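Analysis of the macromolecular model
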Amino acid sequence: MANKIIIFSKLIIIPTLILVIFCSFLSHKDDPKRKVRIIVIDPGHGGKDPGCAGVSCKEKEVALSVALKLGKLIEENIKDVKVIFTRKTDVFVELEDRAKIANDNNADLFISIHCNAAGKAVMVKDKKTGKMRPKTFKNSKGKTITVETANPEPFGSETYVMGLKNEEGKMKVAQRENSAMLLEDNYETKYQGFDPNSEESYIIMSNYTSSYVIQSAGLAMKIQEQYSKKAGRVDKGVHRQSIWVLWRTSMPSVLTEIGYLTNPNEEKFLGSDKGQSYLAACLFRALRKYKDEQEGIKITYKDDIENQVPLQNENYKLDNEKEIVNTIEKPEIEKDVEVKKEGDEKTDKPIDKDKNNEESIKVNEKLVADQKAKADSVEKLQTKQSKIEELKKKHRQFIALADVNYKNKNYQESLELYRKALALKGKDDAYASQKIAEIELLSKPSNSATTTLTAVTTAPKTESKSTKSAIIFKVQFASSEQQVDTKSKYANVPDVSFYKVGLTYKYTCGNYNSMNEAKMLQTKIKELGYTDCFVVAFNNGSRMDINEAKKLTEKQ
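Calculation rules
Residues numbered from 1 in each chain as written. Predicted model: local features only at pLDDT ≥ 70, side-chain atom pairs only at ≥ 80, totals over all residues. Heavy atoms only, no water. Helix = DSSP H or I, 4+ residues; strand = E, 2+ residues; numbered from the N terminus. Buried < 20%, exposed > 50% of the residue type's maximum accessible area, 1.4 Å probe, protein only. Areas by Shrake-Rupley, 256 points an atom, 1.4 Å probe, with all protein chains shown as cover. Pairing = 2+ DSSP bridges. Axes fitted to C-alpha atoms, helices over the stretch in contact; angles between N-to-C directions. Phe/Tyr/Trp six-rings, centres within 6.5 Å; stacked < 30°, edge-to-face > 60°. Expected span 1.5 Å × (residues − 1). Salt bridge = Lys/Arg side-chain N within 4 Å of Asp/Glu carboxyl O.

1. Section: the overall build of the chain
For the chain, the helix and strand inventory stands at 18 helices and 17 strands. Burial status across the chain gives 41% buried among its 556 residues. A total accessible area of about 32,200 Å² is found for the chain, and carbon and sulfur atoms account for 53% of it.

See below:
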């Protein structure tokens, strides 16, 4: 009887379990054109954690208000989407619980809403040198900390996706958003020793990335576009950063900083009902567009939300008004003075005061008109330069995303992105034009089904057997003490491989016979967020000195 049970389990139960496990990997989560049915909205901070603050506004209050307005727009206008909030009142929610809410509900999208803050170093006079220097102190761990006060100058909106780019300035954002865990009980055990104030912790986290980074970046770009286009926000771009809630969520996730509470004008906007409504509408339009693209739906919306009247940035507006007022007030017209010489009273002609007044008014009006024209010209030039920089930034983002899709053989998506990049830069964009031609060649019916990407890319020059001996150049972009699943951890990096040095795994991409080709790949990998990547060389599979490899290949 026991043998029959064992045989039955082998024939029925085990295959069934295997099928269930296999099907779980084929769920809608891995489908790039998946349905968007559940959206988790996360208002940052809350309760005992106020976040950053301005003169009259707290981050936790502004974030909650915008989140609730966004949720209402979704519920009223997209009936097939369920909205879940990590909090709907002023309560403290732990970082791990925010991610857990999204994961437990199998959310299709996670958006965390925050406000930004800027600081500047407090300067003191050095007693030894007599020169001014930043004021510092040492914390409990002996690390030197710079004392800062609020900086009222920076303004603008930016959006973050999970990534590896822990550059100075952006690292402060990650530390501020992750520092909420310090308010939690037993946080060191709960977060496995992660210290939000330690750069070493971010180095460990940087060994991982999200497989949803492409979708997340696509949504982030749409959000930034809406901020600039409709809400009058200055577009500070899309960035990749090691932020805990983004790392722990198993779906496309973004964290958006809607503006600076430390900037007086921006704080006034963020604290107003009008400003919060505009920002919520921006997020809604971006989410709706993202959802339609994911589901392959093409709809042109003509509702009140889509046709919302664009706003002008209050910081730019105020600066322009001040410039015009200052230039208008400077010119002064000298008053006509009647000068009489002694004894000439009889010969002096009476002055026509009305005529002089008219001429004075005309001269005044002309000066005012000239100054306004000059101010308008400066404003137009600044606007033009700002637009040029914005276009350059969007072009780089389109190219970076297109290259990722291209390497992953998502040719249709990459083709659309290359075309968008070409439309921004025009015929001068030789790189985008070349890639478009390659993809179009791949899609021609005459090509065999076995045609691969390498068949249409520029092949390296034919080399003799002696030169093939072969020195290979790769780009090293990450390392870890444990071997990781490269398909999930580095899904956005093409042609990943690794080699081992001692107990450390070194991850590389690419496989080139020339240093220049590897350098080109290094530039693209940096644009994806791996800023510390570098070129390495191998000879017959063994790592060699890069300078020696360069010399040998140049001689060939």
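That shown, we press on.
2. Thoughts on the sheet that holds strand β16 (residues 534-539)
Across the sheet, which stays open at both edges, the five strands sit in the order β14-β15-β13-β16-β17 with antiparallel pairing between neighbours. Each end of this open sheet is capped by a strand with a single partner; those strands are β14 (496-501) and β17 (542-544). Between one strand and the next, the sheet's axes are offset by a mean angle of 50 degrees, whatever the strand orientation.

3. A look at the packing of aromatic side chains
Any two aromatic rings considered together are summarised by their centre-to-centre distance and by the angle between their planes. Evaluated as defined, the whole model comprises seven aromatic pairs. Between Y490 and Y507 the ring centres are 5.3 Å apart and the planes differ by 55 degrees, which places this aromatic pair in the tilted class. Highlighted residues: Y490 in the loop between α16 (486-489) and β14 and Y507 in strand β15 (residues 504-512), separated in sequence by 17 residues. By the burial criterion, Y490 is buried, and Y507 matches it.

4. Considering helix α13 (residues 411-425)
The terminal C-alpha atoms of α13 lie 21 Å apart, and with 15 residues this matches the ideal 21 Å at 1.5 Å per residue to within 8%. Taken together, the buried positions of α13 are occupied by S414, L415, L417, Y418 and A421. Positive phi appears at G426, one or two residues downstream of α13, with a value of about 85 degrees.

5. Regarding the pairing of strand β11 (residues 235-241)
Extensive coverage of β11 is indicated by the burial of six of its seven residues. In this structure, strand β10 (residues 157-162) lies alongside β11, joined through five bridges in parallel fashion. When the bridges of β11 are listed, Y160 appears paired with H239.

6. Details of the pattern of salt bridges
For the structure on display, the rule yields 15 salt bridges. Two residues, R98 and D42, come together in a salt bridge whose shortest N-O distance is 2.5 Å. With a gap of 56 residues between them, R98 in helix α3 (residues 95-104) and D42 in strand β1 (residues 38-43) connect regions that are remote in the sequence. A salt bridge links D104 to K100; the nearest nitrogen and oxygen atoms lie 2.7 Å apart. In this pair, D104 and K100 both sit in helix α3, four residues apart, roughly one turn of the helix. Overlapping salt bridges bring together R37, D80, K291 and E295 as one network.

7. Observations regarding unusual backbone geometry
Phi is positive for N106, which is not a glycine, with a value near 50 degrees. Relative to the elements of secondary structure, N106 occurs in the loop between α3 and β3 (109-116). The phi angle at N540 is positive, at roughly 55 degrees, despite the residue not being glycine. By secondary structure assignment, the location of N540 is in the loop between β16 and β17.

8. Quick look at the pairing of strand β12 (residues 253-260)
The element β12 is extensively covered by neighbouring structure, given that eight of its eight residues are classed as buried. With six bridges joining them, β3 and β12 adopt parallel strand pairing. Bridge assignment links F110 to a residue of β12, and that residue is S253. Examined bridge by bridge, β10 and β12 share three bridges and lie antiparallel to one another. When the sheet's bridge partners are listed, E158 is paired in β12 with E257.

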